[in-house]
Amino acid sequence: MSPVDLVLVAGVALAAGVINSIAGGGSLILFPTLVALGLGTVAANVTNSVAQWPGYLGGVAGFRSEYGGQRGRLVRFGAVAVLGGTTGSVLLLTTPSEAFDVVVPVLVL
């Protein structure tokens with residue numbers, strides 16, 4: 001990527017973080033930008049995921065007072081999230097990237 005592309009991606013990533021902090025869905029602008037700049041869909045997905053997780057940690061920290069009395073729910077949802085994330089990661093790494101290219105429009109929709 002050229003320096004101009006990197007500046008563009010940094011600006012879009014910042015905007016995606018702002019969108020995620022307000023309502024979620026920032027990946028809907030960052031992922032297509034990465035693909036448009038030449039990253040493969042799998043690489044763009046991984047880059048997008050890594051770029052977004054610090055914002056999710058900030059959300060957890062910001063809303064920690066809201067979690068009072070929710071331990072059981074957090075454990076159940078956390079277990080489902082870990083299972084789903086692990087399953088998705090294994091599928092992403094073991095299926096051909098062409099299969100991911102076919103599924104991406106459906107996932108974005």
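The preceding data block contains the structure.
Reading the values: rules and limits
Residues numbered from 1 in each chain as written. Predicted model: local features only at pLDDT ≥ 70, side-chain atom pairs only at ≥ 80, totals over all residues. Heavy atoms only, no water. Core = buried A, V, L, I, M, F, W, Y, C linked by side-chain atoms within 4.5 Å. Buried < 20%, exposed > 50% of the residue type's maximum accessible area, 1.4 Å probe, protein only. Helix = DSSP H or I, 4+ residues; strand = E, 2+ residues; numbered from the N terminus. Contact = heavy atoms within 4.5 Å. Patch = residues over 30% accessible without salt bridge, like charges linked within 9 Å, V, L, I, M, F, W, Y side chains within 5 Å. Areas by Shrake-Rupley, 256 points an atom, 1.4 Å probe, with all protein chains shown as cover. Salt bridge = Lys/Arg side-chain N within 4 Å of Asp/Glu carboxyl O. 1 Å grid on protein atoms, 1.4 Å probe; cavity = no way out; pocket = protein on both sides within 12 Å on 5 of 7 lines; lining within 4 Å. Points joined across faces, edges and corners; volume = space filled by probe spheres on them. Axes fitted to C-alpha atoms, helices over the stretch in contact; angles between N-to-C directions. Parallel < 35°, antiparallel > 145°, perpendicular 65-115°, else oblique. Nonpolar A, V, L, I, M, F, W, Y, C, P; charged D, E, K, R; others polar.

Right, let's get into the nonpolar core. Among the nonpolar cores identified, the biggest contains 10 residues, and these are Val-9, Val-12, Ala-16, Leu-30, Phe-31, Leu-34, Ala-44, Leu-92, Phe-100 and Val-104. For this core, the secondary structure elements donating two or more residues are helix H1 (3-22), helix H2 (27-36) and helix H5 (97-108). Setting aside anything within four residues of it in sequence, one finds Phe-100 in contact with Thr-41, Val-42, Asn-45, Leu-92 and Leu-107.

Nonpolar side chains collect at one region of the surface, where Val-46, Val-50, Trp-53, Tyr-56 and Leu-57 lie side by side and expose about 510 Å² of accessible area between them. Turning to its location among the elements, Leu-57 is positioned in helix H3 (residues 41-62). What makes Leu-57 partly exposed here is its relative accessible area of 49%.

Right, let's talk about the environment of Leu-37 for a bit. Mapped onto the fold, Leu-37 is located in the loop between H2 and H3. Its relative accessible area of 23% is what places Leu-37 among the partly exposed residues. As a C-alpha pair, Leu-37 and Leu-8 span 29 residues in sequence and 9.5 Å in three-dimensional space. Those residues in contact with Leu-37 that lie beyond four places of it in its chain are Met-1, Asp-5, Leu-8 and Val-9.

Moving on, we come to the side chain of Gln-52. Along the chain, Gln-52 falls in helix H3. Exposure remark for Gln-52: the relative accessible area of 6% places this residue in the buried category. Apart from the residues within four sequence positions on either side, Gln-52 is in contact with Ala-16, Asn-20, Ser-27 and Leu-30.

Let's shift gears to the layout of surface pockets. What the largest pocket holds in volume is close to 220 Å³. Forming the walls of the largest pocket are 14 residues, and the residues nearest its centre are Ser-27, Phe-31, Asn-45, Asn-48 and Ser-49. Those elements that provide at least two residues to the lining of the largest pocket are H2, H3 and H5.

Before going further, it helps to spend a moment on the packing of H3 against H5. Remark: H3 packs on H5, axes separated minimally by 9 Å, with the N-to-C direction vectors making an angle of 70 degrees. In terms of their interaxial angle, H3 and H5 are classed as roughly perpendicular. Where H3 abuts H5, its residues Thr-41, Val-42 and Asn-45 lie against Ser-97, Phe-100, Asp-101 and Val-104. Its residues assigned to classes, the contact of H3 with H5 comprises 3 nonpolar, 3 polar and 1 charged.

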